[in-house]
Amino acid sequence: MPLLYIDLIEGRTPSEVSALLDAVHASVVEAFGVPPRDRYQVVRTHPVHEIVALDTGLGITRSSHQVIVHVVSRRRARAMKEKLYELLAGNLAGRCGLDPADLIVSVTENGDEDWSFGHGRAQFLTGELQ
């Protein structure tokens with residue numbers, strides 16, 4: 001936890017995807033202070049015509065290397081989220097050569113009762129996780 005969905009336009013190699021996932025995970029570990037083994041990532045690739053991500057009037061020019069990261073997480077402080085956005089942009093630029101203009105991030109928050117990590121139990125509620 002958190003659970004990350006990463007949407008990409010198809011065409012990256014497996015090693016490029018792996019590097020991208022590692023950069024995203026490093027950002028989450030640092031920004032949210034989660035343990036290194038707290039890693040839940042799902043990659044979805046799409047043909048270029050299946051992702052439409054304009055600039056909301058901000059003058060951002062995007063390429064076919066767009067990365068959309070959707071984070072589902074317990075509630076986090078505003079400063080933690082802002083740090084995540086900054087780390088994602090920096091780590092993906094430094095490790096993967098991603099132009100920060102090609103990064104879109106969305107965070108959806110939920111509560112402890114919204115998680116089960118297996119065995120049909122809500123581990124945050126049972127005390128197995130904190």
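Above this note sits the structure.
Here the structure is a predicted model, which means the values were calculated and not measured.

A.B. asks: It is not clear to me how the nonpolar core should be interpreted in this structure. Could you clarify?
C.D. replies: Among the nonpolar cores identified, the biggest contains 21 residues, and Ile-6 and Val-67 are the most heavily contacted of them. Secondary-structure elements contributing two or more residues to this core are β1 (3-9), α1 (14-32), β3 (67-74) and α2 (78-96). Of all the elements, α1 adds the most residues to this core, at eight residues.

A.B. asks: What is the right way to look at the sheet that holds strand β2 (residues 40-46) in this model?
C.D. replies: Spatial strand order, β2-β1-β3-β4: four strands in an open sheet with mixed pairing. Unpaired on one side and paired on the other, β2 and β4 (103-110) mark the two borders of the sheet. On average, each strand axis in the sheet is inclined to that of its neighbour by 15°, with strand direction left out of account. For β1 and β2, the ladder comprises seven bridges, and the chain directions are parallel. When the sheet's bridge partners are listed, Leu-8 is paired in β2 with Thr-45. Each of β1, β2 and β3 is contacted by α1, which is oriented at about 145° to β1, the strand it contacts most. Taken strand by strand, α2 contacts β3 and β4, and its axis lies near 145° from that of β4.

A.B. asks: Could you clarify how one ought to interpret the environment of Ala-31 in this entry?
C.D. replies: If you trace the backbone, Ala-31 turns up in helix α1. Considering only alpha carbons, one finds Ala-31 and Lys-83, 52 residues apart in sequence, at a separation of 5.6 Å. Residue contacts for Ala-31: discarding those within four places in its chain leaves Met-80, Lys-83, Leu-84 and Leu-87.

A.B. asks: When you look at the side chain of Arg-76 in this model, what are you seeing that I'm missing?
C.D. replies: Mapped onto the secondary structure, Arg-76 falls in the loop between β3 and α2. The side chain of Arg-76 sits in the buried core without any salt bridge; Asp-38 is the nearest counter-charge, 6.0 Å away. Reaching out from Arg-76, the side chain makes a polar contact with the side chain of Ser-73 at a distance of 2.9 Å. Ignoring anything within four residues of it in the chain, the contact list for Arg-76 reads Met-1, Pro-2, Phe-32, Val-34, Lys-81 and Glu-109.

A.B. asks: What exactly am I supposed to notice about the packing of α1 against α2 here?
C.D. replies: For any two helices packed against each other, the geometry is given by the interaxial angle and the distance between the axes. At a minimum axis distance of 8 Å, the contact between α1 and α2 shows a crossing angle of 150°. The orientation of α1 relative to α2 falls into the category roughly antiparallel. Crossing hand, α1 versus α2: right-handed. Side by side, α1 and α2 meet where Ala-19, Leu-20, Asp-22, Ala-23, Val-24, Ala-26, Ser-27, Val-28, Glu-30, Ala-31 and Phe-32 of the first sit next to Met-80, Lys-81, Lys-83, Leu-84, Leu-87, Leu-88, Asn-91, Leu-92, Arg-95 and Cys-96 of the second. By residue class, the composition of the contact of α1 with α2 is 14 nonpolar, two polar and five charged.

A.B. asks: Help me out: how do you make sense of the pairing of β4 in this one?
C.D. replies: Consecutive side chains along a regular strand alternate between the two faces of the sheet. Where β3 meets β4, eight bridges bridge the pair, whose relative direction is parallel. Following the sheet pairing, Val-72 is matched in β4 by Thr-108. In this view, the connection linking β3 to its parallel neighbour β4 by way of α2 has right-handed handedness.

Scoring rules and cut-offs
Residues numbered from 1 in each chain as written. Predicted model: local features only at pLDDT ≥ 70, side-chain atom pairs only at ≥ 80, totals over all residues. Heavy atoms only, no water. Core = buried A, V, L, I, M, F, W, Y, C linked by side-chain atoms within 4.5 Å. Buried < 20%, exposed > 50% of the residue type's maximum accessible area, 1.4 Å probe, protein only. Helix = DSSP H or I, 4+ residues; strand = E, 2+ residues; numbered from the N terminus. Pairing = 2+ DSSP bridges. Axes fitted to C-alpha atoms, helices over the stretch in contact; angles between N-to-C directions. Contact = heavy atoms within 4.5 Å. Lys, Arg positive; Asp, Glu negative; His and termini not counted. Salt bridge = Lys/Arg side-chain N within 4 Å of Asp/Glu carboxyl O. Polar contact = N/O pair within 3.5 Å; in protein donor to acceptor, adjacent residues only side chain to side chain. Parallel < 35°, antiparallel > 145°, perpendicular 65-115°, else oblique. Left-handed = near helix turned anticlockwise from the far one by under 90°. Nonpolar A, V, L, I, M, F, W, Y, C, P; charged D, E, K, R; others polar. Right-handed = clockwise from strand over helix to strand, strands pointing away.

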